[in-house]
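Summary of the model geometry
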Protein chains: 2
Amino acid sequence: MASDPRFSYVSPMSSEIASLTLRALRRVLRATEIGSRRLASTTGLTPSQWLVLREIGSRDAATPGAVANTLQFSQATITAIVDRLEELGLVQRRRGDRDKRQVILSALPAGQVALVDSPDLLQTNFTERFAQLPLWEQSMLLAAAERLSVLMDAQHIDAAPLLDSGAIDRSEPA
Amino acid sequence: MASDPRFSYVSPMSSEIASLTLRALRRVLRATEIGSRRLASTTGLTPSQWLVLREIGSRDAATPGAVANTLQFSQATITAIVDRLEELGLVQRRRGDRDKRQVILSALPAGQVALVDSPDLLQTNFTERFAQLPLWEQSMLLAAAERLSVLMDAQHIDAAPLLDSGAIDRSEPA
DNA sequence: CGCATATACTTCACCAATCGAAATATATGT
DNA sequence: ACATATATTTCGATTGGTGAAGTATATGCG
């Protein structure tokens, strides 16, 4: 960014930069949203199903509760989605050994294939383009993205910090 | 692989930076997603309803078709959502004068209030935090966000090419 | 004009998503 | 052993979302 030491033109006020940044971010959101919908229709999975499958596949041994927590869905929702994934032969339910209340979800071969087949259209395309950039810019973008995630996450500190056994109360705001 | 002995610490490869950036971005996405859900529950509107309302409010005279196009929903979906917004007394349907097949949607006072009342929780929080940052960082983040939006949008250039093809036609008074 | 065709919506039938509340089964502490 | 907490499912209900068919209006053409 070329910087004019004297700032003889009207430098945008802080709040304007913020809103411009937000607008750009919304464009990002929109792109990913549409992309995920498209991806989903390619694999025959709905976005939610895909998300849940990915969550299960990535840990290879998740419980409905943990998945619900991570994705911020209710357990009931996860149950319904897992029902379908099970019907499709993509995931498997089995009872926990240590704790028989638990249900252990794992991706069946077909499920893993589905995930690999569509590693994330988004990721693929993005990665390609990203790789074209000079290293300094890549680093800059990484730093910025992390900064942004903190800025936005901050308001949801309660929403994501837990990975496993949900020992969190989560008092719901009306 | 790619262990270059000249670097004493592990400098991430390009692809790694990309995936780290993606991860950060996903966190951003997640935050906004959850945020929008929460926002919606605050206003009593679902995300979709809110989106449609915003779309209507922002143009102050939209047709279902145009809204459907912009948001990439089917007309049937818009019809259903508008039904609810109408029941809630937030928007109004009236028939087009020039073309009586058309339906003109407009936000009623209550609808506009709803929009103003919740300008975007996300925006509010983000803006506050953003304002705390030094100017140089704000600028940096803006640049990064725009860069990112291009990187992601690029793959969808075909996805939204018609965004205004239907949205125009503001040949209001013949 | 009169008809064919195109457009703008709505209706309908259908399934997925999502949730809260209640039900079920298992753990755990006292 | 009993009360209570936890993990999940079931149930009932609403919304989201779509394609296909239906309705009304427009438009072009002979």
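Residues numbered from 1 in each chain as written. Chains lettered and ligands numbered in written order. Predicted model: local features only at pLDDT ≥ 70, side-chain atom pairs only at ≥ 80, totals over all residues. Heavy atoms only, no water.

Moving on: the overall build of chain A. Within chain A, the regular secondary structure consists of seven helices and two strands. In sequence order, the secondary structure elements of chain A are arranged as α-α-α-α-β-β-α-α-α. Here the analysis covers contacts within chain A between residues at least 6 apart in sequence; of these, 49% occur between residues at least 24 apart. Of the roughly 10000 Å² of accessible surface on chain A, a fraction of 55% belongs to carbon and sulfur atoms. (Helix = DSSP H or I, 4+ residues; strand = E, 2+ residues; numbered from the N terminus. Contact = heavy atoms within 4.5 Å. Areas by Shrake-Rupley, 256 points an atom, 1.4 Å probe, with all protein chains shown as cover.)

Moving on to unusual backbone geometry. The phi angle of most residues is negative, glycine excepted, and most peptide bonds adopt the trans form. One non-glycine residue with positive phi stands out, namely A:Gln72, at about 60°. If you trace the backbone, A:Gln72 turns up in the loop between helix H3 (64-71) and helix H4 (75-87).

Before going further, it helps to spend a moment on the protein's contact with DNA strand C. Around DNA strand C sit 25 residues in total, of which A:Thr46, A:Ser48, A:Thr77, A:Lys100 and B:Thr79 are the nearest. Sugar and phosphate atoms constitute 70% of the interface atoms of DNA strand C, taking the interface as everything within 4 Å of the protein. Between DNA strand C and the protein, one listed contact pairs a phosphate oxygen with a side-chain N or O atom of B:Thr79 at 2.6 Å. B:Arg101 is positioned such that a nitrogen or oxygen atom in its side chain is 2.8 Å from a base oxygen of DNA strand C. Looking at the surface near DNA strand C, the elements with two or more residues in it are helix H2 (47-59) and H4 of chain A together with helix H3 (64-71) and helix H4 (75-87) of chain B. A per-element tally of the surface near DNA strand C places H4(A) first, with five residues. (Near = heavy atom within 4 Å. Polar contact = N/O pair within 3.5 Å; in protein donor to acceptor, adjacent residues only side chain to side chain.)

A few words on the protein's contact with DNA strand D. Around DNA strand D, the surrounding shell holds 23 residues, and the nearest of these are A:Gln75, A:Thr79, B:Thr46, B:Ser48 and B:Arg84. In DNA strand D, the atoms that sit within 4 Å of the protein are 73% sugar and phosphate, with bases accounting for the remainder. B:Ser48 places a polar side-chain atom, nitrogen or oxygen, 2.7 Å from a phosphate oxygen of DNA strand D. Within the backbone of B:Ser74, a nitrogen or oxygen atom sits 2.9 Å from a phosphate oxygen of DNA strand D. Elements represented by at least two residues in the surface near DNA strand D include exactly H3 and H4 of chain A together with helix H2 (47-59) and H4 of chain B. Residues belonging to the surface near DNA strand D are distributed by class as follows: six nonpolar, ten polar and seven charged. (Nonpolar A, V, L, I, M, F, W, Y, C, P; charged D, E, K, R; others polar.)

With that out of the way, let us pick up the pairing of strand S2 (residues 103-107) of chain A. Residue and element names in this part refer to chain A. S2 sits mainly inside the fold: five of its five residues count as buried. Side chains of S2 alternate between two faces, with Val103, Leu105 and Ala107 and Ile104 and Ser106 buried alike. Here strand S1 (residues 91-95) pairs with S2 via five bridges, running antiparallel. Each residue of the ladder has a partner; that of Arg94, found in S2, is Ile104. (Buried < 20%, exposed > 50% of the residue type's maximum accessible area, 1.4 Å probe, protein only. Pairing = 2+ DSSP bridges.)

Quick look at the confidence of the model for chain A now. Residues and elements named next belong to chain A. For chain A, the average pLDDT comes to 74, and 65% of its residues sit at 70 or higher. Averaged over each element, pLDDT in chain A is lowest for helix H1 (residues 14-43) (69) and highest for H4 (96). Per-residue pLDDT stays below 50 along residues 1-9; that stretch engages in three contacts with residues further than four places along the chain or on separate chains. Confidence over residues 154-174 falls short of pLDDT 50; this stretch has 21 contacts with residues more than four positions distant or in other chains. (pLDDT = per-residue confidence, 0-100.)

Further remarks concern the packing of H2(B) against H4(B). Residues and elements named next belong to chain B. With their axes 10 Å apart at the nearest point, H2 and H4 run at an angle of 85° to one another. In terms of orientation, H2 lies roughly perpendicular with respect to H4. Residues Ser48, Gln49, Val52, Leu53 and Ile56 of H2 form the contact with H4, whose own contacting residues are Ile78, Ile81, Val82, Arg84 and Leu85. In terms of residue class, the contact of H2 with H4 is made up of seven nonpolar, two polar and one charged. (Axes fitted to C-alpha atoms, helices over the stretch in contact; angles between N-to-C directions. Parallel < 35°, antiparallel > 145°, perpendicular 65-115°, else oblique.)

Okay, helix H5 (residues 109-117) of chain A next. All names here are of chain A. Those residues of H5 that sit buried are Gly111, Ala114 and Leu115. Take H5 and look down its axis: the buried residues cluster within an arc of 95°, on one side only. Exposed and oriented more than 90 degrees from the buried face of H5 are Pro109, Val116 and Asp117. In this fold, the buried residues of H5 make contact with H2. (Arc of directions from axis to C-beta.)

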